[in-house]
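# Residue-level structure breakdown
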Amino acid sequence: MAILSQLIVYPVKSCSGLSVPSATLTRAGLAVDGVRDREWMVVGEDNQFLTQRDHPRMALIVPHLNARFLILCAPGMAALALPLAHLPAAQAATRDVGLWDDQVLADDCGEAAAAWFCAVLGVRCRLVRFGAAAMRATSGRWTGGVPQPTLFADGYPLLAIGAASLDDLNDKLLAAGRPALPMNRFRPNIVIAGLDPYEEDYVATFALGAAVITPVKPCPRCPIPRIDQATGLPGPDPLDVLQTYRRHARLDGAVCFGMNCIVALGAGERLVVGQDVVATLAL
């Protein structure tokens, strides 16, 4: 029997994740104590999104939650506390921000947050929050023509990876004289133990109690897995090993690892680490 072995929420896009024992499933992804996955994002002076691809020190920005604040910590910096409550619409300063091909109306988080991120990353930037009334949808190409809601995730509300898939990759890395990698290099939301290696590629649905999650698109990998999430330092890129056996013909030969997913049923359900997962294979 497969089980849900990890749940990870990333409050700020491309910063460290928050591993949690339970989370609420929403159509736009996971949420914990009112904080949604990728609800905040860092943008440059051009209002385009920033990620670890170009700013690996983002890995060192670690989130914590309490009842009223998202608290961000980084080495050598006093913690930054961000109120969870949205400002009234009349008081919110908005900013039109770019994420891949999308433009999203976001709330600017103010000068103190901007100064904090500038100091951590060493570039002029600002922190924004997905607007309370903002809308962003996935491409319908991989979802049966029906766009699904998401926030500041690259493309889809959930990323699922089987634990055995990483074990298989690590066996290949160790055989090549390379160190094994932790799962956080691949930044999933959901990790499932008990599947065969890469079985998630062939699953039609994952049922977790009353919730049903549908894998829709293999996840093409960028260079972020080479960044040590504990140090923010780049190292050997596992893509050179993955490309020997994980190229996907439907994605023009892109190297894929993990599956992007949407929520088919059960928005509002509580997911709990350790619960059973029923994986139904595609016909």
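Structural data are supplied above this passage.
Here the residue numbering is sequential within each chain, running from 1 through the sequence in written order. Two thresholds apply to this predicted model, a pLDDT of at least 70 for residue-level local features and 80 or more for giving and counting side-chain atom pairs, whereas whole-chain, interface and lining totals are computed over all residues. Remark: hydrogens and water are excluded; side-chain values derive from all non-hydrogen atoms of the structure.

With that settled, the discussion passes to the overall build of the chain. Secondary structure is summarised from DSSP: a helix means a run of H or I of at least four residues, a strand means a run of E of at least two, and numbering begins at the N terminus for each. Counting its secondary structure elements, the chain contains three helices and 20 strands. The C-alpha extent of the chain, read off along each of the three principal axes, is 50 × 45 × 35 Å. With a 1.4 Å probe rolled over the protein chains alone, any residue whose accessible area is under 20% of its type maximum counts as buried; one over 50% counts as exposed, and the rest are partly exposed. Out of the 283 residues belonging to the chain, those deemed buried represent 53%. Taking the contacts inside the chain whose residues are at least 6 apart along the sequence as the reference set, 69% of them involve residues at least 24 apart. In this description, accessible areas are obtained by the Shrake-Rupley approach with a 1.4 Å probe, and a residue is regarded as covered only by the protein chains that are shown. For the chain, the exposed surface amounts to about 12,400 Å²; the carbon and sulfur share of it is 56%. It only takes one pair of heavy atoms within 4.5 Å for two residues to be counted as in contact.

Two strands form a pair only when DSSP identifies at least two bridges running between them. Strand order across the open sheet formed by four strands is E6-E12-E11-E10, with antiparallel pairing between neighbours. Edge positions in the open sheet fall to strand E6 (40-44) and strand E10 (94-99), since each of these has one partner strand only. Averaged over all adjacent pairs, the angle separating strand axes in this sheet is 50°, with direction ignored. Of the strand pairs in this sheet, strand E11 (residues 102-108) and strand E12 (residues 125-130) are connected by three bridges, and their pairing is antiparallel. Opposite aspartate 108, over in E12, you have valine 128 as the bridge partner. Think of each axis as a best-fit line through the C-alpha atoms, taken over the contacting stretch in the case of a helix, with angles from 0 to 180 degrees between the N-to-C directions. Packing against the sheet, helix H1 (residues 111-121) makes contact with E6 and E12, and its axis sits at approximately 125° to E12.

With respect to the helices, strands and loops of the structure, arginine 38 is situated in the loop between strand E5 (35-36) and E6. Pairs of N or O atoms within 3.5 Å make up the polar contacts considered here, provided that, within protein, one atom can donate a hydrogen while the other can accept it, and that residues adjacent in sequence are counted only when both atoms are side-chain atoms. Polar contacts involving the side chain of arginine 38 include one to the side chain of aspartate 37, which spans 2.9 Å. Once residues within four sequence positions are removed from consideration, arginine 38 is found in contact with Tyr10, Pro11, Lys13, Leu151, Phe152, Ala153, Arg187 and Asn189.

Once that is clear, we can look at the sheet that holds E5. Where strands meet in a sheet, backbone hydrogen bonds hold them as pairs that are either parallel or antiparallel. If you walk across this open sheet you meet the four strands as E5-E4-E3-E19, and the pairing is antiparallel. For this open sheet the edge positions go to E5 and strand E19 (270-272), each flanked by a neighbour on one side alone. For strand E3 (residues 22-26) and E19, the ladder comprises three bridges, and the chain directions are antiparallel. Bridge assignment links serine 22 to a residue of E19, and that residue is valine 272.

All right, on to the nonpolar core then. Generally speaking, a soluble globular protein has its nonpolar side chains buried in company with each other. The set of buried Ala, Val, Leu, Ile, Met, Phe, Trp, Tyr and Cys residues whose side-chain atoms join them within 4.5 Å is what this entry labels a nonpolar core. In terms of nonpolar packing, the biggest core is built from 25 residues, with Ile190 and Leu271 touching the most fellow members. A total of four residues in this core trace back to one element, the largest contributor, which is strand E1 (residues 2-9). Here leucine 271 is in contact with Leu4, Leu7, Pro21, Ser22, Ala23, Leu25, Leu30, Ile190, Leu208 and Ala211, once residues within four sequence places are set aside. Among the nonpolar cores identified, the runner-up in size contains 21 residues, and Leu50, Ile61, Phe117 and Leu127 belong to it.

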